[in-house]
Amino acid sequence: NAGVTQTPKFRVLKTGQSMTLLCAQDMNHEYMYWYRQDPGMGLRLIHYSVGEGTTAKGEVPDGYNVSRLKKQNFLLGLESAAPSQTSVYFCASTKVWQAADTQYFGPGTRLTVL
Amino acid sequence: RKEVEQDPGPFNVPEGATVAFNCTYSNSASQSFFWYRQDCRKEPKLLMSVYSSGNEDGRFTAQLNRASQYISLLIRDSKLSDSATYLCVVNTLEAAGNKLTFGGGTRVLVKP
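The structure presented is a predicted model; accordingly, all values stated were derived computationally and were not measured. (Residues numbered from 1 in each chain as written. Chains lettered and ligands numbered in written order. Predicted model: local features only at pLDDT ≥ 70, side-chain atom pairs only at ≥ 80, totals over all residues. Heavy atoms only, no water.)

Student: Run through the overall build of chain A, naming residues and quoting values.
Tutor: Secondary structure assignment for chain A yields 0 helices and 11 strands. Ordered by position from N to C terminus, the α and β elements of chain A give β-β-β-β-β-β-β-β-β-β-β. The C-alpha atoms of chain A give a radius of gyration of 13 Å, which matches the 13 Å a tight globule of 114 residues would have. Here the C-alpha coordinates of chain A stretch approximately 35 × 30 × 25 Å along the principal axes. Here chain A holds 114 residues, and the buried ones make up 47% of them. (Helix = DSSP H or I, 4+ residues; strand = E, 2+ residues; numbered from the N terminus. Rg over C-alpha atoms; globule rule 2.2 N^0.38 Å. Buried < 20%, exposed > 50% of the residue type's maximum accessible area, 1.4 Å probe, protein only.)

Student: I'd like to hear about the environment of Leu100(B), residue by residue, with values.
Tutor: On the secondary structure map, Leu100(B) appears in strand E10 (residues 97–102). Residues Leu100(B) and Tyr25(B), spaced 75 residues apart in sequence, show a C-alpha to C-alpha distance of 12 Å. The contact partners of Leu100(B), leaving out residues within four places of it in the chain, are Tyr35(A), Gln98(A), Ala100(A), Gln103(A), Val89(B), Val90(B) and Asn91(B). (Contact = heavy atoms within 4.5 Å.)

Student: Could you give me a rundown of unusual backbone geometry, with the residues and numbers involved?
Tutor: In the segment running from Thr7(A) into Pro8(A), the intervening peptide bond is cis, with an omega of -5°. You can see Pro8(A) is positioned in the loop between strand E1 (4–7) and strand E2 (10–13). One non-glycine residue with positive phi stands out, namely Asn28(A), at about 60°. Summarising the element assignment, Asn28(A) is placed in the loop between strand E3 (19–25) and strand E4 (31–38). You can call Asn28(A) exposed: its relative accessible area is 55%. Phi is positive for Asp77(B), close to 45°, though the residue is something other than glycine. Mapped onto the elements, Asp77(B) comes out in the loop between strand E8 (70–75) and strand E9 (84–94).

Student: An account of the state of the cysteines is requested, with residue identities and associated values reported.
Tutor: Under the counting rule described, the total for this entry stands at 2 disulfides over all chains. One disulfide in the model links Cys23(A) with Cys91(A); its S-S distance is 1.8 Å. Its S-S torsion of about -75° marks the bond between Cys23(A) and Cys91(A) as left-handed, since a negative value means left-handed. Highlighted residues: Cys23(A) in strand E3 and Cys91(A) in strand E9 (residues 87–94), separated in sequence by 68 residues. There is no split in this pair, since Cys23(A) and Cys91(A) are both buried. There is a disulfide in this structure between Cys23(B) and Cys88(B), and the S-S distance comes to 2.0 Å. (Disulfide = S-S within 2.5 Å.)

Okay, structure coming up:
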C-alpha cells in the first residue's frame, strides 16, 4: 500500500494564479482532510470530507475549494493564490472521524506564492 | 490564548541525556491526547497516545495532568535520531463531533 500520496511536492505560484493539489489514499478510508502548517501555528484544518461526494469547511477555509468525486481522491484548489497561502499543505485520511491515533498523513506539498 | 500551546524550543540535548517538555491545553472538556513526531520537511507521524495513568514506550514516557491541563513527554537516553519536532494533539468532543487541535510543536536537537 502506498498510503497517502500528494502531488505535487513543491510548487511556486505567482499571485493570482490557480492550482490544484491532489491527494490520494489507497486504504479505503471514508474521511479525508486538508491541513496547512505554518511556522509556530500547528496544523490547521482547511476542509474535510466525510465521504465520496461530500465536503465541509474546516477552521481556515477562505480562499480554498475542495472536491471529492472519488472516495480515494481529495482535491484542494486555490482559485486565485495569495502570498498568505504560502505554506506546507498536508492531506490526511482516517477510517474513523478525527481519529488521531490512526491518522495517516501524506508527505506534504510546499507551496510558495510570490 | 491558543487552545494548545507548546514551547517551540529548540531544546538542545546532549546525547544520552534526558529531556522533557510540556503541552498545555485550554479546554477542560478535552478527552484524549497524543504526541506526534515530525522530522524536518516530513509529515507528522503518531509517536504515542497519552493515557490518564501515564504510559511508557521504550525511552519515551507520556503523562497527563488534567487538573493543570497539560501533557508531558519525557525522552530518556536521547539518541541523535530523536532530533525532531514533537507535536501535541488534543481531541475535544464538541457538538459537531471530535475536533483535533494541533500544537505548534517543540523542536528537539540531540547533539553528540
